[in-house]
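# Observations on chain architecture
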Amino acid sequence: MEKKLAREDAWALLTEYTKTPALQKHALMVEAVMEHFGRLAGEDEEVWGVAGLLHDLDYEMYPEEHCKKAEEIMRERGIDETYIRAMSCHGYGLCTQTKPENQMEKTLFAIDELTGLIHAVCIMRPSKSVLDLEVKSVKKKFKDKRFAAGVDRDVIRQGCEMLGMELDELIQETIEGMKEKAEAIGLKGDL
């Protein structure tokens, strides 16, 4: 990696293109989970986190050009290829043909949709919190196609395969990552 992007610079860039609080919160959730997985992999958790933070950089302003416009913006700013590839990989098979190759890219691909599902499960719970969430509650909602219908379960399954992980393990570690930043991502709830 040639040029590591500082977290505050990544946040400034994200908020320049993403104004909607819900989309900012999603970026923070993905960042938290990526940091957690980066730590588990013994990698630079800030690099993984920033990759997560910027994955939907162009989604609000350029939904029709998702990933393509972000690549353009990131290149114009001289952002390192590591972040550009990770961002592009999360759209693999959906809006890009950039296949996830390394652990960070595969993880981002696998957990993006899953954080959305877990968030939806949390806000439906009496506690409104991720802190007391169990894998079985997420699994139950994962199987219910009508619940959070926008969440692409096939992408999550494909991500599990890429990572060589069981779904339960991916869900568990994603929950753990979200717990670490529960307050920042608005999922501390009533606990």
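In this report, the structure presented in the accompanying data block is examined. This one's a predicted model, so the numbers in the text were calculated from it and none came from an experiment. (Residues numbered from 1 in each chain as written. Predicted model: local features only at pLDDT ≥ 70, side-chain atom pairs only at ≥ 80, totals over all residues. Heavy atoms only, no water.)

### As for the overall build of the protein chain
Our working definition: By the criteria applied, helices consist of DSSP H or I runs no shorter than four residues and strands consist of E runs no shorter than two, each listed in order from the N terminus. We take the radius of gyration over the C-alpha atoms and set the globule estimate at 2.2 Å times the residue count to the 0.38 power. Any two residues whose heavy atoms approach within 4.5 Å at even a single point are treated as in contact.
A count of helical and extended segments in the protein chain gives nine helices and zero strands. Beginning at the N terminus, the succession of helices and strands in the protein chain can be written as α-α-α-α-α-α-α-α-α. In terms of overall dimensions, the protein chain is globule-like: its C-alpha atoms have a radius of gyration of 15 Å, near the 16 Å expected for 191 residues. Summarising its shape, the C-alpha atoms of the protein chain cover approximately 45 × 35 × 30 Å along the three principal directions. Within the protein chain, counting contacts between residues at least 6 apart in sequence, those at least 24 apart form 66% of the total.

### Some thoughts on unusual backbone geometry
Backbone geometry follows two general trends: most residues other than glycine have a negative phi, and most peptide bonds adopt the trans configuration. Quick note on the threshold: Throughout this description, buried means an accessible area under 20% of the type-specific maximum (1.4 Å probe, protein chains only), exposed means over 50%, and partly exposed covers the range between.
A positive phi angle, near 55°, is found at Lys128, a position not held by glycine. With respect to the helices and strands, the residue Lys128 is situated in the loop between helix 6 (103–124) and helix 7 (135–143). The exposure class of Lys128 is partly exposed, given its relative accessible area of 40%. Here the phi dihedral of Ala148 falls at roughly 45°; this positive angle occurs in a residue that is not glycine.

### Side note on the nonpolar core
We apply this condition: We define the nonpolar core as a collection of buried residues of types Ala, Val, Leu, Ile, Met, Phe, Trp, Tyr and Cys that are connected through side-chain atoms lying within 4.5 Å of one another.
Of all hydrophobic cores here, the largest spans 57 residues; its most connected members are Leu54, Ile118, Val130 and Leu170. Per-element accounting of this core gives the leading share, ten residues, to helix 6. Residues within four places of Ile118 in sequence aside, it is in contact with Val130, Leu133, Val138, Ile171, Thr174, Ile175 and Met178.

### A short note on the environment of Leu28
Its location among the elements puts Leu28 in helix 2 (residues 21–40). Taking the relative accessible area as the measure of exposure, Leu28 reaches 17% and is therefore buried. Through-space distance from the C-alpha of Leu28 to that of Gly52 is 7.9 Å; in sequence the pair is 24 residues apart. The residues touching Leu28, leaving out its near neighbours within four places in the chain, are Arg7, Trp11, Leu53, Ala184 and Ile185.

### Comments concerning the pattern of salt bridges
Put simply, the rule is: The working definition used for a salt bridge is a side-chain nitrogen of Lys or Arg within 4 Å of a carboxyl oxygen of Asp or Glu.
A full pass over the atoms with the stated rule returns 17 salt bridges. When the shortest N-O distance is used, the salt bridge between Arg7 and Glu31 registers 2.8 Å. Remark: Glu31 occurs in helix 2 and Arg7 occurs in helix 1 (residues 7–17); sequence separation between them is 24 residues. Between Glu176 and Lys179 there is a salt bridge, with the nearest N and O atoms lying 3.6 Å from each other.

### Focus on helix 3 (residues 45–53)
Selection rule: Polar contact is the term for a pair of N or O atoms within 3.5 Å; when the atoms are in protein, one must be able to donate a hydrogen and the other to accept it, and sequence-neighboring residues count only if both atoms are side-chain atoms.
For helix 3, the tally of buried residues reaches seven of nine residues, placing the bulk of the element in the interior. For helix 3, the full list of buried residues reads Val47, Trp48, Gly49, Val50, Ala51, Gly52 and Leu53. Of the surrounding elements, those touching the buried residues of helix 3 are helix 1, helix 2, helix 5 (81–89) and helix 6. The residue sitting at the N-terminus of helix 3 and contributing the capping side-chain oxygen is Asp44; that oxygen lies 3.0 Å from the backbone nitrogen of Glu46.

### Some details on empty space enclosed by the protein
For clarity, the cut-off: Lining residues are defined by having an atom within 4 Å of a point belonging to a cavity or pocket. Those points lie on a 1 Å grid over the protein atoms alone, cavities being sets where a 1.4 Å probe fits but cannot get out and pockets being open sets with protein on both sides within 12 Å along at least five of seven lines. Grid points are joined across faces, edges and corners, and a volume is the space filled by probe spheres set on the points.
Evaluation of the coordinates by the stated rule reveals one cavity of 30 Å³ or more. When its volume is computed, the largest cavity comes out at roughly 40 Å³. Lining the largest cavity, in full, are Leu14, Thr18, Leu23, Ala27, Asp56 and Tyr59.

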